[in-house]
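Listed below, chain by chain, are the residues.
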2 protein chains.
Amino acid sequence: MTRPARSGPARPGPQPGDAMGLRSPRVRAARHLAKRSFRERDRLFLAEGPQAVREALAEEGVLTELFVTSQGRSRNPELAALASRQGAPVHEVSGEVMAELAQTITPQGLLAVCRFVDRPLADLVAASPRLVVVLANVRDPGNAGTVLRTADAAGAGGVVFAAASVDPYNSKCVRASAGSLFHLPVVSGHDLPAALATLRAAGLQILAADGSAASLLEAAGGPDLTRPTAWLFGNEAWGLPAELLTLADAVVGVPIYGRAESLNLAAAAAVCLYASARQLRAGPAS
Amino acid sequence: MTRPARSGPARPGPQPGDAMGLRSPRVRAARHLAKRSFRERDRLFLAEGPQAVREALAEEGVLTELFVTSQGRSRNPELAALASRQGAPVHEVSGEVMAELAQTITPQGLLAVCRFVDRPLADLVAASPRLVVVLANVRDPGNAGTVLRTADAAGAGGVVFAAASVDPYNSKCVRASAGSLFHLPVVSGHDLPAALATLRAAGLQILAADGSAASLLEAAGGPDLTRPTAWLFGNEAWGLPAELLTLADAVVGVPIYGRAESLNLAAAAAVCLYASARQLRAGPAS
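Residues numbered from 1 in each chain as written. Chains lettered and ligands numbered in written order. Predicted model: local features only at pLDDT ≥ 70, side-chain atom pairs only at ≥ 80, totals over all residues. Heavy atoms only, no water.

Undergrad: Tell me what's going on with the packing of helix H3 (residues 50–57) of chain A against helix H5 (residues 77–85) of chain A, and back it up with residues and numbers.
TA: Residues and elements named next belong to chain A. As a packed pair, H3 and H5 sit with axes 10 Å apart at the nearest point and diverge in direction by 30°. Like other packed secondary-structure pairs, H3 and H5 cross with a definite hand, here left-handed. Across the interface between the two elements, Pro50, Val53, Arg54 and Leu57 of H3 pack against Glu78, Leu79, Leu82 and Ala83 of H5. The residue makeup of the contact of H3 with H5, split by class, is six nonpolar, no polar and two charged. (Axes fitted to C-alpha atoms, helices over the stretch in contact; angles between N-to-C directions. Helix = DSSP H or I, 4+ residues; strand = E, 2+ residues; numbered from the N terminus. Left-handed = near helix turned anticlockwise from the far one by under 90°. Contact = heavy atoms within 4.5 Å. Nonpolar A, V, L, I, M, F, W, Y, C, P; charged D, E, K, R; others polar.)

The structure is reproduced here in C-alpha cells:
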C-alpha cells in the first residue's frame, strides 16, 4: 500500500466544499508527518487544535496547510480565513479523516501543517537570554512539551533539545507545549557539550538539576540564582549521568521535605525555573 | 465468560512453583480491580512495580496478596519474602499474566493487591498539618498522581480528592504518585464545601490556584504564605468554577513572565506548594 502520493490516474480535482478522503494525496502526505523520518525529510510537522493553529498563524510563513472539519471551521472561522489570507490551502475533511490525522481521542477540528520553527543556537544566544533550559536525554514527549510550556511561562529565552532528547515536533510534545513551541526559540539536535560551552561563553552559569545533589535550591550555600542561568535537566528515569554533571558549574537539587524519593521531571523543572525567574527579577542581594 | 470466580469442579490446589494462569480465580479477582466499581466493592487496589510494593509493605496489613514473575522475584527476593512474612500469599505468574494485570507497557514483575489506604478527614486534621492539597474535579489520573507526589515532596500533611476528582486508586494515579499514595494521608470522596470548612476550622487558610487571579504568588499584595495553607486546585481544562472560588479565602495565580497562557496543573501545583513550603519554613517576616 505504498502508492506514490502524487500520481495515479487523472481525475477531476476536488471542488470547493468536497471533503478530502483518507486516500487523497494531501491527507496521505500529512499522515506521514506522524513519523519523525518524514518530518525531518520535509521539515514539516503537525499542530492540532485552535490554540496551536492560532499560534502558528501569528508568524506568517509557518503554517503551510490547514485541515478543518466543517465543525472546526464554523467554530473558528477567523482561523481558516487567516490561513487563506496567508496563502495556505485550507482542506475540509470529515471527522474520521481528522481523527486519523490528529492522533488524539478528541480532535478539535483544526490541524495545521507547519514549517519547522527551531533556530540555530547562535540566534538564541544573540538575544542575551538570562534563563535557558537544556534537555538532555528527555525521552517522554509529554514531559518535554510540559517543560517547554513551563519555560515559556517562567520567561525563559529558549529551550535546547540535546543529547538524544525527544523530537520537539512529536505530536505529544507539540500538544503538551500548548502553543509554547511557537513562542520561544527552540534549538534541536545540538551537541550537548558544545551547546553548554556556547551558553557559558554567553555569560550563563550552567546548573544541573539532580535529585542527589548536596547543594539545594534556595538554601544556604546554594548557587546564586540572580545570575543568568541555563538549567540542565536529564532523563525522567535515570537523571543526568556523571559525565554530563561534570559539564555543569554546579549541581543543584530541589529540597524534599516529605517522604517522596524525588520529584518528576516537569515538577522539578517548574520549581527550578520559577526560583530562577523570581530571583532574576529580584536582583542580587545587597 | 462470567464464570463465578471461586466455583467450578474440584481440582487439586496449585502446587508451589506452579505459575497461575489468566483463568485462575486469584488472577481473575485481581484483574477486576482495574475497574473502580470492583475496587470500591472490595476496598482493594493494585500497585505495580518494586517501589510501590516496597512502600505497601512498609506498613503491615496494607498488602494482601503479591503477584510476581520469576524474574520479578529474583530481582527483588526481599520483597516476596517480606510479603510472605506478613502473611500475604505470593503467586507466581507468567510475564503474559503480569502484563494483563499490570496495565503497563513494561511491567516490572511485581504487583501487589493492597487495602485502601485513605483515611477520614478528621485523621488528617488531627495531625495539625500546615500544608494540605485539595483537588476539585481533577480528572486526569496521571496529573492527580503527580500532584500527590509533589505534595509529598513539599512536605504536605495530606491530599484531599474531592468534587468528582479521579479515583486515587486508578492505576495511572498510583503509578504517577511513585509511592506517595502510601506516604501521606489521602482523603477520598469528601464533599468539597464541608472539607474546606473543616480545614479552615483547623486553622488553615484556603488558597485557590487560578490562572486568571489578580493576586499573584509571592508578589506584593499576595497572600501570606507563612500561614498554614490548604491549596485548592481545579480541573486541568477549565480550572475552578466561580462557585468554588468563592469558597476560598483568596484566589492566587502563578505569575506568567513569558507568552504561555498558563501552566499545566502539575507545574502550577509544584510552584505553589514549593512557595508555601519555603515560606512556612522561613517563618513570618519580621
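Undergrad: Which residues make up the pattern of salt bridges, and what are the values?
TA: Taken as a whole, this structure holds 24 salt bridges over all chains when the rule is applied. With a closest N to O distance of 3.0 Å, A:Glu40 and A:Arg36 form a salt bridge. Of this pair, A:Glu40 and A:Arg36 both sit in helix H2 (residues 36–42), four residues apart, which is roughly one turn of the helix. The closest approach of N and O atoms between B:Arg43 and B:Asp118, which form a salt bridge, is 3.7 Å. Of this pair, B:Arg43 sits in the loop between helix H2 (36–42) and strand S1 (44–48) while B:Asp118 sits in the loop between strand S4 (110–115) and helix H7 (121–126), placing them 75 residues apart in sequence. Taking relative accessible area as the criterion, B:Arg43 reaches 45% and is therefore assigned partly exposed. (Salt bridge = Lys/Arg side-chain N within 4 Å of Asp/Glu carboxyl O. Buried < 20%, exposed > 50% of the residue type's maximum accessible area, 1.4 Å probe, protein only.)

Undergrad: Describe the side chain of B:Asn137, with residues and values.
TA: Mapped onto the elements of the fold, B:Asn137 is located in the loop between strand S5 (131–136) and helix H8 (141–153). In terms of polar contacts, B:Asn137 uses its side chain to reach the side chain of B:Arg139, at 3.0 Å. (Polar contact = N/O pair within 3.5 Å; in protein donor to acceptor, adjacent residues only side chain to side chain.)

Undergrad: Could you give an account of the interface of chain B and chain A, with specific residues and numbers?
TA: With 31 residues of chain B at the contact, the number on the chain A side is 31 residues. Taken together, the two surfaces of chain B and chain A that pack against each other cover about 2,600 Å², and 57% of this comes from carbon and sulfur. For the interface between chain B and chain A, the tally reads two salt bridges. If you look at where chain B meets chain A, you find 20 residue pairs in polar contact (both at pLDDT 80 or more). Secondary-structure elements contributing two or more residues to the side of chain B that touches chain A are helix H3 (50–57), H8 and helix H12 (265–282) of chain B. (Buried area = accessible area lost by both parts, 1.4 Å probe.)

Undergrad: Report on H12(B), specifying residues and quantitative values.
TA: Residue and element names in this part refer to chain B. With 18 residues, H12 ought to run about 26 Å at 1.5 Å a step, and its terminal C-alpha atoms sit 26 Å apart, in line with that. Of all the 18 residues making up H12, 14 are buried; the element is thus mostly covered by neighbouring parts of the structure. Looking one or two residues beyond H12, the residue adopting positive phi is glycine 283, at roughly 85°. (Expected span 1.5 Å × (residues − 1).)

Undergrad: Describe in detail the relation of the copies chain B and chain A, supporting the description with residues and values.
TA: In screw terms, the move from chain B to chain A is a rotation of 180° and a rise of 0.0 Å along the axis, fitting with an RMSD of 0.0 Å. The operation mapping one copy onto its partner corresponds to a two-fold rotation axis. Most of the interface of chain B is mirrored in chain A, where 100% of its interface residues again form contacts. (Least-squares fit on C-alpha atoms with pLDDT ≥ 70 in both.)

Undergrad: Before we move on, could you go through the packing of helix H1 (residues 25–32) of chain A against helix H6 (residues 95–102) of chain A and cite the residues and values that matter?
TA: Residues and elements named next belong to chain A. One way to put it is that H1 packs onto H6 with a least axis distance of 9 Å and a crossing angle of 25°. Classified by the angle between their axes, H1 and H6 sit roughly parallel to one another. From H1, Val27, Ala30 and Arg31 reach across to H6, where they touch Val97, Glu100 and Leu101. Its residues assigned to classes, the contact of H1 with H6 comprises four nonpolar, no polar and two charged. (Parallel < 35°, antiparallel > 145°, perpendicular 65-115°, else oblique.)

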